[in-house]
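# Topology and contacts: notes
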Amino acid sequence: MANKKIMAMILAGGQGSRLGAMTRSMAKPAVPFGGKYRIIDFALSNCSNSGIDTVGILTQYKPQMLNSHIGIGSPWDLDRAHGGVAMLPPYMSEAGGDWYKGTANAIYQNIGFLDQYNPEYVLILSGDHIYKMDYREMLKEHISKGADATIAVIEVPKEEASRFGIMNTNDEGIITEFEEKPKVPKSRLASMGIYIFNFDKLRKYLADDSMNPDSDNDFGKDIIPQMINNGDLMIAYKFDGYWKDVGTVESYWQANMDLLCEDNKVKLFDSSWKIYTEAGTWPAQYIGRMAKIEDSLISEGCEILGEVVNSIVFPGVKIAENTRVINSIIMQECVIEKNTIINKAILLSDVKVKANNVIGDGNEIIVIETGKTLEPGFHGHEGV
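Residues numbered from 1 in each chain as written. Predicted model: local features only at pLDDT ≥ 70, side-chain atom pairs only at ≥ 80, totals over all residues. Heavy atoms only, no water.

### Looking at the layout of surface pockets
Of the pockets and cavities examined, the largest pocket occupies roughly 1700 Å³. Along its surface, the largest pocket is lined by 49 residues, and K28, S126, D128, H129 and D245 are the ones closest to its centre. Elements that contribute at least two residues to the lining of the largest pocket include exactly α3 (103-109), β10 (149-155), β12 (175-180), β13 (189-198), α7 (219-229) and β15 (243-245). No other element matches the 4 residues that β13 contributes to the lining of the largest pocket. Looking at the lining of the largest pocket residue by residue, the classes come out as 16 nonpolar, 19 polar and 14 charged. Taken as a whole, the second largest pocket spans an internal volume of roughly 750 Å³. In terms of lining, the second largest pocket is formed by 34 residues, of which the most central are G35, K36, Y37, R38 and Q332. Mapped onto the lining of the second largest pocket, the elements with two or more residues apiece are β3 (37-38) and α2 (64-70). (1 Å grid on protein atoms, 1.4 Å probe; cavity = no way out; pocket = protein on both sides within 12 Å on 5 of 7 lines; lining within 4 Å. Points joined across faces, edges and corners; volume = space filled by probe spheres on them. Helix = DSSP H or I, 4+ residues; strand = E, 2+ residues; numbered from the N terminus. Nonpolar A, V, L, I, M, F, W, Y, C, P; charged D, E, K, R; others polar.)

Laid out in structure tokens, this is it:
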């Protein structure tokens, strides 16, 4: 089979336990986002827009929703005869199977998939980040500097740096040290979990790592420090766009709210760098004569008779008259009856809010579980 120049592997097996009720029935990359999208659409669309036509998606935790969403990859132009998209669950052999032990082990278990195309370069991505990025620019820098590995980094505020894996570099952008969540960070360059490796080098490191009983089989903890220690050329690629790891309820809510800001860099409807997704078949939205909508995103198939302010409303939602939705995320096919106030809440799909309800007080984010019916009254900590 002809060699590929570059192919991508998307790590999409995460449980995302800090997202609570949102990931009870699906993996974190499958969580709905921004009206009609899912989180993994960003990594997939970046691949498609960057001309990467061969993508492996490594699944593990509750993959059904992800499998059905991605299908054969048509929305991202990844339904190819040679290449395209492949769903890669943990490997089962005659000797049995095993869950992926870490990010490096997940790639190593699928080394046969990579060997099939024998790429020059492998791009490794997380399936749970919100950002737009042209991977061609990163590859160009990787090749021009003759790097063994290139790691995308983003500058974070000094006070937040201890939450991330931090790359310390010299004046030429060469990585000299990697610190996982350091108490006293030496730099503000946080790893974005986006790596380009030369495949022959990566293959050797993964094989050696799999033989080490003391390894966590993880890129951040094992492979990258090992490569630095061995003197391999590791380059930091600086990214200056919007990037958010939506690993907590707070960061998920904030990333959705960021879509409504005037200066938001993740323009969902920018034709020059589209975010693709599985197309739904919804009728046109209906906005009532007395409805009031301000700084909000309203999806297809919605019926809005009340007031929606600074909120994201997913397809098929019904919001009755004399109802106010503020700073909230209302997922697919929720029904909100009249005389209701919803303030800083995330309603998961198919929630029914009976008339005369108050959800949230605008301070903490309230999460209401899928399929729940809320009787009249005040609701504070449902489903969190």
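### Brief notes about the pairing of strand β11 (residues 165-169)
Burial within β11 is extensive, with 4 of its 5 residues counted as buried. Here β11 runs beside β12; their pairing, made up of 5 bridges, is antiparallel. Paired with M167 across the two strands is F178, which belongs to β12. Two successive antiparallel strands, β11 and β12, enclose a turn made up of 5 residues, where G173 displays a positive phi of approximately 80 degrees. (Buried < 20%, exposed > 50% of the residue type's maximum accessible area, 1.4 Å probe, protein only. Pairing = 2+ DSSP bridges.)

### Considering the packing of helix α6 (residues 199-210) against α7
At a minimum axis separation of 11 Å, α6 and α7 run at an interaxial angle of 120 degrees. For the element pair α6 / α7, the angle class is oblique. At the point where α6 passes α7, the crossing takes the right-handed sense. Residues K201, L202, Y205, L206 and D209 of α6 pack against F219, D222, I223, Q226 and M227 of α7. Of the residues in the contact of α6 with α7, the class split is 6 nonpolar, 1 polar and 3 charged. (Axes fitted to C-alpha atoms, helices over the stretch in contact; angles between N-to-C directions. Parallel < 35°, antiparallel > 145°, perpendicular 65-115°, else oblique. Left-handed = near helix turned anticlockwise from the far one by under 90°. Contact = heavy atoms within 4.5 Å.)

### Re the sheet that holds strand β27 (residues 345-347)
Reading across from one edge, β18-β21-β24-β27-β30 is the order of the 5 strands in this open sheet, with parallel pairing throughout. Here the strands that pair on one side only, and so sit at the sheet edges, are β18 (297-298) and β30 (366-368). Note: β27 against β30, 3 bridges, orientation parallel. Opposite I346, over in β30, you have V367 as the bridge partner.

### Brief notes about the side chain of S50
Structurally, the position occupied by S50 is in the loop between α1 (40-49) and β4 (54-58). Among the polar contacts made by the side chain of S50, one reaches the main-chain amide nitrogen of Y135 at a distance of 3.0 Å. Setting aside chain neighbours within four positions, we find S50 in contact with M133, D134, Y135, R136 and W273. (Polar contact = N/O pair within 3.5 Å; in protein donor to acceptor, adjacent residues only side chain to side chain.)

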